[in-house]
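Here are the chains, one letter per residue:
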Amino acid sequence: GAGVSQSPSNKVTEKGKDVELRCDPISGHTALYWYRQSLGQGLEFLIYFQGNSAPDKSGLPSDRFSAERTGGSVSTLTIQRTQQEDSAVYLCASSSQAYEQYFGPGTRLTVT
Amino acid sequence: AQSVTQLDSQVPVFEEAPVELRCNYSSSVSVYLFWYVQYPNQGLQLLLKYLSGSTLVKGINGFEAEFNKSQTSFHLRKPSVHISDTAEYFCAVSATKGGKLIFGQGTELSVKP
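Let us look at the structure shown here. (Residues numbered from 1 in each chain as written. Chains lettered and ligands numbered in written order. Predicted model: local features only at pLDDT ≥ 70, side-chain atom pairs only at ≥ 80, totals over all residues. Heavy atoms only, no water.)

Points about the side chain of Thr13(A)
Just so we agree on the cut-off: Starting at the N terminus, helices and strands are each numbered in turn, a helix being any DSSP run of H or I of at least four residues and a strand any DSSP run of E of at least two. Whether two residues are in contact is decided by their heavy atoms: any pair within 4.5 Å suffices.
Among the structural elements, Thr13(A) can be located in strand 2 (residues 10–13). Once residues lying within four places of it in the same chain are set aside, the contact partners of Thr13(A) are Val19(A), Thr82(A), Leu109(A), Thr110(A), Val111(A) and Thr112(A).

And the structure:
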């Protein structure tokens, strides 16, 4: 079946611009996670949605980062006023009751 | 809070040799433990997980790991590696089932002929 998909696969933006990254989880998965992977910081948790509960935003690095999940399915991660340190691969994952997280291929964000 | 330390950033081995990738964690509560693999230019794939029960867990591609609570370790092993095992391996912990993962810094396994 279809896995987690993310779009775009690559995004180059100028410093100061806003970007939106999209994640389509596996159908029926109730939990959705965002992580980012960078050379300096490794793999970092950003935010986590579980069903209708309030999201766990404890990993968001600044108030320039936000995410929403519409209809319990698709999620969008928004970064406002991008900075060079935001350059990273942004990974989305989803899981069902089995608690195994399935990861998407990621979006590589480059801020110039 | 939880943290994960992968003791080796790079592990070079020859094909058909055994390998052990080391992982230690720190947590004040019980944790769930995972190993993920990332092949070049690909996403993360789950190798194996420990949720409860037997401390020796077997995963895909011939890998296994042993949970040692007293030593707070979850080392990954394979008795005979292949060239195709060349990848980056990440150890991760979660304090709750289905909760966020805290990852180690990764170990780059390089298998040479």
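As for the pattern of salt bridges
Note on pairing: side chains with opposite charge can pair once their charged atoms come close. All names here are of chain B. Short version of the rule: By convention in these notes, a salt bridge is any Lys or Arg side-chain nitrogen within 4 Å of a carboxyl oxygen on Asp or Glu. A simple rule labels every residue: compare its accessible area, found with a 1.4 Å probe on the protein chains alone, to the largest value its type can have, and call it buried under 20%, exposed over 50%, or partly exposed in between.
Counting across every chain of the model gives 9 salt bridges over all chains. One salt bridge connects Asp 8 with Arg 22, and the closest N-O pair in it is separated by 3.0 Å. Of this pair, Asp 8 sits in the loop between strand 1 (3–6) and strand 2 (10–14) while Arg 22 sits in the loop between strand 3 (19–21) and strand 4 (23–26), and the two are 14 residues apart along the sequence. Residues Glu 64 and Lys 58 are paired through a salt bridge, measuring 2.8 Å at the closest nitrogen-oxygen approach. The exposure class of Lys 58 is exposed, given its relative accessible area of 62%.

Some details on the interface of chain B and chain A
When the parts of a complex come together, some accessible area is lost, and that lost area is often used as the size of the interface. Heads up, the rule is: Accessible area that two parts lose when put together, evaluated with a 1.4 Å probe and summed over both, is termed the buried area. Side-chain atoms alone can form a polar contact between residues adjacent in sequence; in general such a contact is a pair of N or O atoms within 3.5 Å, and within protein one must be able to donate a hydrogen while the other accepts it.
Contact with chain B, which involves 15 residues of that partner, is made by 17 residues of chain A. Of the roughly 1500 Å² buried where chain B meets chain A, counting both sides, 58% is carbon and sulfur surface. The largest share of the area that chain B buries against chain A comes from Leu44(B), Gly98(B) and Lys100(B), three residues that together contribute 34% of it. Remark: the boundary between chain B and chain A carries 1 salt bridge. The salt bridge involving Glu100(A) is made with Lys49(B); its shortest N-O contact spans 4.0 Å. For the pair chain B and chain A, the number of links is 5 residue pairs in polar contact (both at pLDDT 80 or more). Secondary structure elements with two or more residues in the side of chain B that touches chain A: strand 5 (32–38) and strand 6 (44–50) of chain B.

Quick look at the nonpolar core
Stated formally: Among the buried residues, those of types Ala, Val, Leu, Ile, Met, Phe, Trp, Tyr and Cys that are joined through side-chain atoms within 4.5 Å form a nonpolar core.
Among the nonpolar cores identified, the biggest contains 28 residues, and Leu33(B), Trp35(B), Leu47(B), Leu48(B), Phe74(B), Leu76(B) and Tyr89(B) are the most heavily contacted of them. Aside from chain neighbours lying at most four places away, what touches Leu76(B) is Val19(B), Glu20(B), Leu21(B), Trp35(B), Leu47(B), Leu48(B), Phe63(B), Glu64(B), Ala65(B) and Tyr89(B).

A few points about the state of the cysteines
Residues and elements named next belong to chain B. The condition that has to hold: Cysteine sulfur atoms that come within 2.5 Å of each other are treated as a disulfide pair.
One pass over the full model with this rule turns up 2 disulfides over all chains. Residue pairing for Cys 23: its cysteine sulfur links by disulfide to Cys 91, the two sulfurs lying 2.0 Å apart. Here Cys 23 and Cys 91 share a disulfide; its torsion about the S-S bond, -65°, makes the bridge left-handed. Placement of Cys 23 in strand 4 and of Cys 91 in strand 10 (residues 87–94) is noted, with a sequence separation of 68 residues between them. Cys 91 matches Cys 23 in its accessibility class, with the two residues each being buried.

Focus: the sheet that holds strand 7 (residues 75–79) of chain A
All names here are of chain A. Heads up, the condition is: At least two DSSP bridges between two strands are required for those strands to pair. Orientation is described by axes fitted as lines to C-alpha atoms, over the contacting stretch for helices, and by angles from 0 to 180 degrees between their N-to-C directions.
The 4 strands are arranged 1-3-7-6 in an open sheet whose pairing can be described as antiparallel. A single partner strand is all that each edge strand has here, and the edge strands are strand 1 (5–7) and strand 6 (65–69). The average angle at which neighbouring strand axes cross in this sheet is 15°, direction not considered. Relative to strand 7, strand 6 runs antiparallel, the two being bridged by 5 bridges. Its bridge partner being in strand 7, Phe 65 is matched across the sheet by Ile 79.

Describing the pairing of strand 6 of chain A
Where burial is concerned, the two faces of strand 6 of chain A differ: the one with Phe65(A), Ala67(A) and Arg69(A) is buried and the one with Ser66(A) and Glu68(A) is not. Linkage of strand 6 of chain A to strand 7 of chain A, two consecutive antiparallel strands, is achieved through a turn of 5 residues, within which Gly71(A) is found at a positive phi near 60°.

As for the pairing of strand 2 of chain B
Residues and elements named next belong to chain B. Residues Val 11 and Val 13 of strand 2 are buried on one face, while the alternating residues Gln 10, Pro 12 and Phe 14, pointing to the opposite face, are not. Two elements, strand 2 and strand 12 (residues 107–112), share 5 bridges in a ladder whose sense is parallel. If you follow Val 11 over to strand 12, its bridge partner there is Leu 109.

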